[in-house]
Amino acid sequence: MSLLKRSRILRMAFSDTTRSEKDEPFILRATKIAVVVTLYWLISISMVFLNNYLLDNKELDAPVFITFFQCVVTVGLCWILKFLSKLCPGFVDFPSLKFDFRVSREILPLTVVFIGMITFNNLCLKYVGVAFYTVGRSLSTVFNVLLSYAVLKQTTSLYAVLCCGVILGGFWLGVDQESVAGSLSWTGVVFGVVASLCVSLNAIYTKKVMPVVDGNIWKLSYYNNLNAIVLFIPLIAILGELKSVLEFNRLTHLNFWGMMILGGVFGFAIGYVTALQIKFTSPLTHNVSGTAKSCAQTVLAVVYSASSKSALWWTSNMMVLVGSSAYTWVKGLEMKKVEVPPETETTSSLKSKEDSMV
């Protein structure tokens, strides 16, 4: 395929089109979907491995600072895209980002949960590694069911509960097998559980504050990350990470800052490609793609580390992945049987994005 042809397909995939999908040739639509899914897999897997590389640095023990810097990159990219949208209005579409203190204050409770989500997620990755990462933070679906009942008073079907039971079984089997192998980090497991809880809370709080930013996910991302930057600064000082950063012997190396910036770019890009994948397929297909991606990510991590895993360890991963896919399928069938309120669909899509971003 020529470079010109690839550029044309990418441009079409990234642009909003009013052309009916029914009018598109099958080959063209299939190619656009393949490009978007490939981008999602590439960015998501690269982001996890890059974050693991940064967090696993023995000379720099500053996970909160790394998370803080990724928020800085996100805010910077928002400003760049805002500038480009004014410079090239027909090519780049991005909302106005005039700061409003009232909006920032109303989003603050969500920001606290958001900080917990991304920080504990990175801490889980730091302590358990990429191979056990999928199992380590697999309980977000279980917490979503529990919080839906406790906070929103929404009941869950027996089939969906059974799927959660499979996920829980896979989680505990994975913990057991990591313990048998002598590689279990209870600290990492606790961080993974807390991260999963924060993912579910984040979906609930996001639904509450979306009207504040006129339903615009980019405005929400901008204010969320801007608030997070301010809250991270005293946290870095309290945890003593500033000293660790200043004493880091590669602090002035361009390679280190290049990796840091790239990690922030991937963190920003994953939200966009997730939205693209949902747009060109469906929330259900996106979740299936995410499950397959997690499976590939686990296999890559095991191969890369040249480690040997038991049959029960692989079974635990499959239980988590199958349970998550089955839950998505069951909820999809339930939504088809009843008319789903628009806000419920929005929350489901947002949760899909959050699961991808972490």
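Residues numbered from 1 in each chain as written. Predicted model: local features only at pLDDT ≥ 70, side-chain atom pairs only at ≥ 80, totals over all residues. Heavy atoms only, no water.

You'll find the protein entered in an unreviewed UniProt entry as Solute carrier family 35 member C1, with Cyprinus carpio carpio given as the organism.

Time to look at the UniProt feature "transmembrane region" (unreviewed entry) in the protein. UniProt's entry tags residues 26-50, 62-81, 107-136, 156-174, 186-205, 225-242 and 254-275 with the feature "transmembrane region" (unreviewed entry), counted in the numbering of this structure. Secondary structure content for residues 107-136 is 87% helix and 0% strand, while the C-alpha to C-alpha distance between its ends is 29 Å. Secondary structure across residues 156-174 comprises 89% helix and 0% strand; the distance between its end C-alpha atoms is 25 Å. (UniProt positions renumbered as here; feature names shortened; annotations may be inferred. Helix = DSSP H or I, 4+ residues; strand = E, 2+ residues; numbered from the N terminus.)

A separate point is the pattern of salt bridges. Counted under the stated rule, the structure contains 5 salt bridges. In this structure, Arg102 engages Glu106 in a salt bridge whose closest nitrogen and oxygen atoms are separated by 2.8 Å. Residue Arg102 and its partner Glu106 are both found in helix α4 (residues 101-128); the two are separated by 4 residues, about one turn of the helix. (Salt bridge = Lys/Arg side-chain N within 4 Å of Asp/Glu carboxyl O.)

With respect to the element layout, Gln297 can be found in helix α12 (residues 283-305). The buried category is assigned to Gln297, whose relative accessible area is 1%. If sequence neighbours within four positions are ignored, Gln297 has contacts with Ser44, Ile45, Val48, Phe49, Val130, Tyr133 and Thr134. (Buried < 20%, exposed > 50% of the residue type's maximum accessible area, 1.4 Å probe, protein only. Contact = heavy atoms within 4.5 Å.)

Looking at the protein, the pLDDT average stands at 83 and 87% of residues meet or exceed 70. Predicted confidence in the protein is weakest over helix α1 (residues 3-14), with a mean pLDDT of 44, and strongest over helix α7 (residues 158-181), with 93. Low confidence marks residues 1-20, where pLDDT is under 50. Its contacts with residues over four positions away, or in another chain, come to 21 contacts. Contacts of residues 342-350 to residues separated by more than four positions or lying in other chains number 10 contacts, the stretch itself having pLDDT below 50. (pLDDT = per-residue confidence, 0-100.)

Our focus in this paragraph is the packing of helix α6 (residues 140-150) against α7. In contact at an axis separation of 9 Å, α6 and α7 are set at 135 degrees when each is read in the N-to-C sense. The angle between the axes of α6 and α7 places the two elements in the oblique class. Along this stretch, α6 crosses α7, giving a crossing that reads as left-handed. Contacts between α6 and α7 pair Thr141, Val142 and Val145 from the former with Cys164, Ile167 and Leu168 from the latter. Residue composition of the contact of α6 with α7, by class: 5 nonpolar, 1 polar and no charged. (Axes fitted to C-alpha atoms, helices over the stretch in contact; angles between N-to-C directions. Parallel < 35°, antiparallel > 145°, perpendicular 65-115°, else oblique. Left-handed = near helix turned anticlockwise from the far one by under 90°. Nonpolar A, V, L, I, M, F, W, Y, C, P; charged D, E, K, R; others polar.)

Next up on the list: the nonpolar core. Of all hydrophobic cores here, the largest spans 78 residues; its most connected members are Ile107 and Phe232. With 11 residues, the single largest contributor to this core is α4. Non-local contacts of Ile107, meaning those with residues more than four positions away in its chain, are made with Val209, Val213, Leu220, Tyr223, Asn224 and Asn227. (Core = buried A, V, L, I, M, F, W, Y, C linked by side-chain atoms within 4.5 Å.)

Further remarks concern unusual backbone geometry. For residues other than glycine, phi is negative in most cases, and the peptide bonds are mostly trans. A positive phi is found at Asp214, a non-glycine position, where the angle reads about 60 degrees. Checked against the element boundaries, Asp214 lands in the loop between α8 (186-209) and α9 (217-238).

Looking now at the environment of Leu147. Topologically, Leu147 is positioned in helix α6. On the basis of relative accessible area, Leu147 is assigned to the buried category, the value being 14%. Along the backbone, Leu147 and Leu201 are 54 residues apart, and their C-alpha atoms lie at a distance of 7.7 Å. With residues up to four places along the chain from it excluded, the contact list for Leu147 reads Leu152, Leu197, Ser200, Leu201 and Ile204.

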